[in-house]
Amino acid sequence: RLNMKKNRILWMFAILMLVIGMSSCSSDDEDVAVYDDNPTTLDGTWYLVKANFGWGGIRDYEAGDVTVCFYPNQTVQVETKEVKVFMATGTYSYKVIDTQTNKYDGTVFTTINLGGQQCTYWFEDGMMVLDYGMAYDGPGYYFKKKLQ
């Protein structure tokens, strides 16, 4: 009887250790993105978090699916895991065309030429919204800025 109790206690201990061991191992801790809550400049690393494709629907993205780095020398490095989500992986140039301020709410809209296409960006709710201005059915991209 004493041996049966010892065996039962050993089995329960082994099962408990197995459960604890399985629950403590997680690969989610590897590269967690920390975002800037109030971005004010274009320069830096941005992660696509959402794209509004108009009639094509809205899609959410994980940090690293599409990474866009804007540099002060007016170049942009794009890295994407999917073809044609935003822009193909590569290096592009950008040029500021115009900046305007909405007189009603103070939002600053900046029009740029990005890789040969004209678009407008502004900052809203801790994100940069990049819009290609194709009415409501065109693409709109929402990026969060990575803290350096």
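Thresholds applied
Residues numbered from 1 in each chain as written. Predicted model: local features only at pLDDT ≥ 70, side-chain atom pairs only at ≥ 80, totals over all residues. Heavy atoms only, no water. Helix = DSSP H or I, 4+ residues; strand = E, 2+ residues; numbered from the N terminus. Buried < 20%, exposed > 50% of the residue type's maximum accessible area, 1.4 Å probe, protein only. Polar contact = N/O pair within 3.5 Å; in protein donor to acceptor, adjacent residues only side chain to side chain. Contact = heavy atoms within 4.5 Å. Phe/Tyr/Trp six-rings, centres within 6.5 Å; stacked < 30°, edge-to-face > 60°. Pairing = 2+ DSSP bridges. pLDDT = per-residue confidence, 0-100.

Time to look at the environment of Tyr-92. Relative to the assigned elements, Tyr-92 resides in strand β5 (residues 90–101). What makes Tyr-92 partly exposed here is its relative accessible area of 23%. Residues Tyr-92 and Gln-74, spaced 18 residues apart in sequence, show a C-alpha to C-alpha distance of 8.6 Å. Within the structure, Tyr-92 has its side chain in polar contact with the backbone oxygen of Ala-88 (distance 2.8 Å).

On to the side chain of Thr-111, then. By secondary structure assignment, the location of Thr-111 is in strand β6 (residues 108–114). Those residues in contact with Thr-111 that lie beyond four places of it in its chain are Lys-95, Val-96, Ile-97, Asp-98, Gln-118, Cys-119 and Thr-120.

With that settled, consider the environment of Lys-50. Structurally, Lys-50 can be placed in strand β1 (residues 44–52). Looking at Lys-50, the relative accessible area reads 28%, which means it is partly exposed. Between the alpha carbons of Lys-50 and Tyr-61 there is a distance of 5.7 Å; along the sequence they are 11 residues apart. Not counting chain neighbours up to four residues away, the residues in contact with Lys-50 comprise Ile-58, Arg-59, Asp-60, Tyr-61, Gly-140, Tyr-141 and Tyr-142.

Within this structure, the stated rule accounts for eight aromatic pairs. Note on Phe-86 and Phe-143: the rings are 5.4 Å apart at their centroids and 75 degrees apart in plane angle, and the pair reads as edge-to-face. Placement of the pair is Phe-86 in the loop between β4 (75–80) and β5 and Phe-143 in strand β9 (residues 140–145), with a sequence separation of 57 residues. Each member of the pair, Phe-86 as well as Phe-143, carries the same accessibility label: buried.

With seven bridges joining them, β5 and β6 adopt antiparallel strand pairing. Within β6, the residue paired with Asp-98 across the bridge is Thr-111. The turn joining β5 and β6, which pair antiparallel and follow one another in sequence, is formed by six residues; a positive phi near 80 degrees is taken by Gly-106. Bridge count for β6 against strand β7 (residues 117–124) is five bridges, and the pairing is antiparallel.

Across the chain, pLDDT averages 80, with 72% of residues at or above 70. This stretch, residues 21–30, has a pLDDT under 50; its non-local contacts, to residues over four places away or in other chains, come to zero contacts.

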